[in-house]
Structures are given as structure tokens and as C-alpha cells.
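# Report on the structure
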Amino acid sequence: MAPRGESVNEEMRLRSRQRLMRATVELVDQRGYAATTLADIAERAGLARGLVSYYFDGKRLLMQSATHRLMHLELTAALGALAPEASAQHRLATAIDAVLHLALNHPRVMRSHLALILDPDVGGFVQDPEQQQLGAILREVLMDWGAGDPIAEHAVLRSALMGGCIGVLLPDAQTPLPPIRADLFARYSLDWELGCPPQPEAPARPHWQPQEAPERAPGGITAR
């Protein structure tokens, strides 16, 4: 039997990584982050336990990569469903909605992801290949929208989306989605009707006005 070529091996490695990330999202959705072990993830993915450590340097990095993959897949699907002639404003509105709805549809995953990012004791934000794909999609959307500096504007949008998801997920102090969405849409001069509005009419006014970012990100979210 002829040995497999490098391209075949690379494809197999990619598929194994994807299976682990998909299994992570499924299990954390069901059980929460703390109750999900690497052994559980390997079993769900149908892979040997040792392969988890081979592909990912620990549970935290696997969790963040899995969430970033979920985000860029959802974002790609939402944008791909738009008509080819959809406006740049419609594309940006759809991108914002896709991320905000992840907080509603996958609250345990998103809460765990944000908790790991905001906890300085576990290493903070990770720019893994999945996150880089997500960032590339958002920068392209912002460039089409007319951002003069898509890289800088992406950092602003990323922070705004993170804050919006925190508002939706903050334990015992959740903010309803409509005012959060209204504020984000106001920042980018987007009509409420674009994207996937959670209600027919926009709130009378944004729940809060944009302010200078605090020196430290808000806490209060724990990985569960």
C-alpha cells in the first residue's frame, strides 16, 4: 500500500481538529464548561484522548478555538444566505445579529468563552486560526460598509459585540436583546429592519449611550 501523501495527512488532521471542536461545543452546550472533560470531548469526537493534547494545548485553548469556529461558521452561513445584491449595511446588520444570536442560542458556550477571555489568570484572548478566519470575515464586511481602517474598526466592533453578549448573558442582570441591538445599530447607522430584528419596532431609545471603555473589562461571568 502506497503511503499517504502530505495533503491527505493534512486533511485528516484538519478533520480531527474539527471533530474535537464540534464535540466541545456540543458537550458544553449540554453540560457546561466545568462539567466537560477532555476525555468526554475525545469520546464524543471518536478520537483517542492523546489526540486532544496533540492538537490543542489544554482545555481552555480548545474551548476558545471551538467557540471561534462556531462563530465564523454561523457568520459565514448568515452572510451566505443573503441575496448577492444585499447592501453593505444589510451585510453588517446580519453579521451583528449572527453574533448576538449566538449568546441566545448557545448561552453556556458563549458564557464560558467570555469568562475565559475576561479572566486574566487563564491567559485572556487567543488569536487562533479559527479566530483569524472570524476576524477576516468581519474586516471584509466592515471594508464593504466603508470603514476607513477596517483593522481598527474590527477591534471596536469586536469589543462592542463582546459587550453586547455580556449584557445578554450576565447572570441575574441580563439586558434584553432589543436595546443592546438598537445601540449597536445606532453606532453604525443601520436601519432596525435590516438583518434579523428581534421585534418589529426598535426601542424608543438605546438602553445606554456609548461611553469611553473602562480600563478593565466587566466581570461577573464565570465559565460553567
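The structure reproduced in this document is the subject of the present report. (Residues numbered from 1 in each chain as written. Predicted model: local features only at pLDDT ≥ 70, side-chain atom pairs only at ≥ 80, totals over all residues. Heavy atoms only, no water.)

## Focus: the overall build of the protein chain
- Scanning the protein chain from terminus to terminus reveals nine helices and zero strands.
- When the elements of the protein chain are put in sequence order from the N terminus, they spell out α-α-α-α-α-α-α-α-α.
- Burial statistics for the protein chain: of 224 residues in total, 44% are counted as buried.
- Of all intrachain contacts in the protein chain linking residues separated by at least 6 positions in sequence, the fraction that spans at least 24 positions is 68%.
- Summing over all exposed atoms, the protein chain offers an accessible surface of approximately 11,900 Å²; the carbon and sulfur share of this is 52%. (Helix = DSSP H or I, 4+ residues; strand = E, 2+ residues; numbered from the N terminus. Buried < 20%, exposed > 50% of the residue type's maximum accessible area, 1.4 Å probe, protein only. Contact = heavy atoms within 4.5 Å. Areas by Shrake-Rupley, 256 points an atom, 1.4 Å probe, with all protein chains shown as cover.)

## Some details on the environment of Asp149
- Note on placement: Asp149 falls in the loop between α7 (129–145) and α8 (150–169).
- Linking Asp149 and Arg139, residues ten residues apart in sequence, is a C-alpha distance of 9.2 Å.

## Observations regarding empty space enclosed by the protein
- Following the criterion strictly, the structure yields one cavity of 30 Å³ or more and no others.
- Sorting the residues of the lining of the largest cavity by element identifies α4 (59–80), α6 (107–118), α7 and α8 as the ones contributing at least two each.
- Of the residues forming the lining of the largest cavity, the biggest block, five residues, is contributed by α8.
- Class assignment for the residues of the lining of the largest cavity results in eleven nonpolar, four polar and one charged. (1 Å grid on protein atoms, 1.4 Å probe; cavity = no way out; pocket = protein on both sides within 12 Å on 5 of 7 lines; lining within 4 Å. Points joined across faces, edges and corners; volume = space filled by probe spheres on them. Nonpolar A, V, L, I, M, F, W, Y, C, P; charged D, E, K, R; others polar.)

## As for the layout of surface pockets
- Approximately 180 Å³ is the volume attributed to the second largest pocket.
- Every residue along the wall of the second largest pocket is listed here: Glu74, Ala78, Leu82, His90, Thr94, Asp97, Ala98, His101, Leu102, Asn105, Gly195 and Cys196.
- Mapped onto the lining of the second largest pocket, the elements with two or more residues apiece are α4 and α5 (88–105).
- The greatest single-element share of the lining of the second largest pocket, amounting to seven residues, is contributed by α5.
- Residues that form the lining of the second largest pocket fall into these classes: five nonpolar, five polar and two charged.

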